[in-house]
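Residue-level listing of the chains:
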Amino acid sequence: MLLKLSGEALAGDGGFGIDPAIVGRLCSDIADVNRQGVEVGLVLGGGNLFRGAALQQAGLDRVTGDQMGMLATVMNGLAFRDLLSQAGLTAMVYSAIELPGVADRFHRDKALLDMAEGRIAIFVAGTGNPFFTTDTAACLRGIEIGADAVLKATKVDGVYSADPFQDANAERFDALTYGEVLARDLRVMDLTAICLCRDHGMPIVVFDMQSEGALTRLVKGEKVGTVVSA
């Protein structure tokens, strides 16, 4: 599986940095499914540390901002590697940009070998290009490694017709097609990510990362969150 964790979600209620309670629970869940023989790839966002798009509005060059955002995902990846180690797992950090002495450059075959041998592959620095989100990076890496699905962990328990924190009447969906997501502009992921998954038949599952054991239940085949597929 390819698990996508947004930076904002990692920050918890604090809104910045990494919430140890959330990350600790996630590492425990990842360790649980890994010990069941599930090969795990992980893509992390960087919004808990830096958001290039926000600073663009303040006058910062977008390319520079996105590059800084890529480095934020690297910091999250290094933190996760050490936290997974504390949970008894071995993780390898693969970067889309050159970072000698910090992370290995992404190489599909090496990542597949690591995962086949029980190690967690953490993919950082997005796609290595500005203007592409970490959602797109997650879908790209998921397709490259032949994942069964891209699992997007968020702060809500699925996809809604509107923001459930702002609209009490927002409708929750159990399942959607790629076409429905695009037609309704549901913002599950950005347009590029959705189209990439649609074109390659990659299912997306959106679920609540704060629900204890949700990842384990999902891997066992229970209905968790919202499934987006053909």
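Above this text you will find the structure in question.
Here is what the cut-offs are and how they apply
- Residues numbered from 1 in each chain as written.
- Predicted model: local features only at pLDDT ≥ 70, side-chain atom pairs only at ≥ 80, totals over all residues.
- Heavy atoms only, no water.
- Phe/Tyr/Trp six-rings, centres within 6.5 Å; stacked < 30°, edge-to-face > 60°.
- Helix = DSSP H or I, 4+ residues; strand = E, 2+ residues; numbered from the N terminus.
- Buried < 20%, exposed > 50% of the residue type's maximum accessible area, 1.4 Å probe, protein only.
- Lys NZ or Arg CZ within 6 Å of the ring centre and 35° of its normal.
- Pairing = 2+ DSSP bridges.
- Contact = heavy atoms within 4.5 Å.
- Axes fitted to C-alpha atoms, helices over the stretch in contact; angles between N-to-C directions.
- 1 Å grid on protein atoms, 1.4 Å probe; cavity = no way out; pocket = protein on both sides within 12 Å on 5 of 7 lines; lining within 4 Å.
- Points joined across faces, edges and corners; volume = space filled by probe spheres on them.
- Nonpolar A, V, L, I, M, F, W, Y, C, P; charged D, E, K, R; others polar.

Draft legend 1. Structural context of the packing of aromatic side chains. One pass over the structure, following the stated rule, counts 2 aromatic pairs. On the numbers, 5.6 Å between centres and 85 degrees between planes, the contact of F106 with F123 is edge-to-face. Here F123 lies in strand β5 (residues 120–124) and F106 lies in the loop between β4 (104–105) and α5 (108–116), a separation of 17 residues in the sequence. Judged by relative accessible area, F106 falls into the buried class, the value being 17%. The structure contains a cluster of three or more aromatic residues connected by ring pairs, namely Y94, F106 and F123. A cation over an aromatic ring shows up here: R141 above the ring of F106, its NZ or CZ 3.8 Å from the ring centre.

Draft legend 2. Looking closely at the sheet that holds strand β9 (residues 175–177). As summarised here, the arrangement of the 9 strands in space is β4-β3-β5-β2-β1-β6-β10-β11-β9, forming an open sheet in which the pairing is mixed. A strand with exactly one partner marks an edge of an open sheet, and here the two such strands are β4 and β9. Taken strand by strand, helix α4 (residues 62–86) contacts β1 (2–5), β2 (41–44), β3 (91–95) and β5, and its axis lies near 165 degrees from that of β5. Each of β1, β2, β5 and β6 (150–154) is contacted by helix α6 (residues 134–144), which is oriented at about 170 degrees to β1, the strand it contacts most.

Draft legend 3. Structural view of the environment of A96. Position of A96 among the secondary structure elements: in the loop between β3 and β4. Residues A96 and A137, 41 residues apart in the sequence, show an inter-C-alpha distance of 9.5 Å. For A96, the residues in contact, after removing those within four places along its chain, are R105, V124, A125, G126, T127, G128 and R141.

Draft legend 4. Expanded view of the layout of surface pockets. Taken as a whole, the second largest pocket encloses approximately 420 Å³ of empty space. What lines the second largest pocket is a set of 21 residues, among which A149, L151, V205, L218 and V219 lie closest to the centre. Taken together, the residues that form the lining of the second largest pocket break down as 13 nonpolar, 2 polar and 6 charged.

Don't take any of this as a statement about function, it's just geometry.
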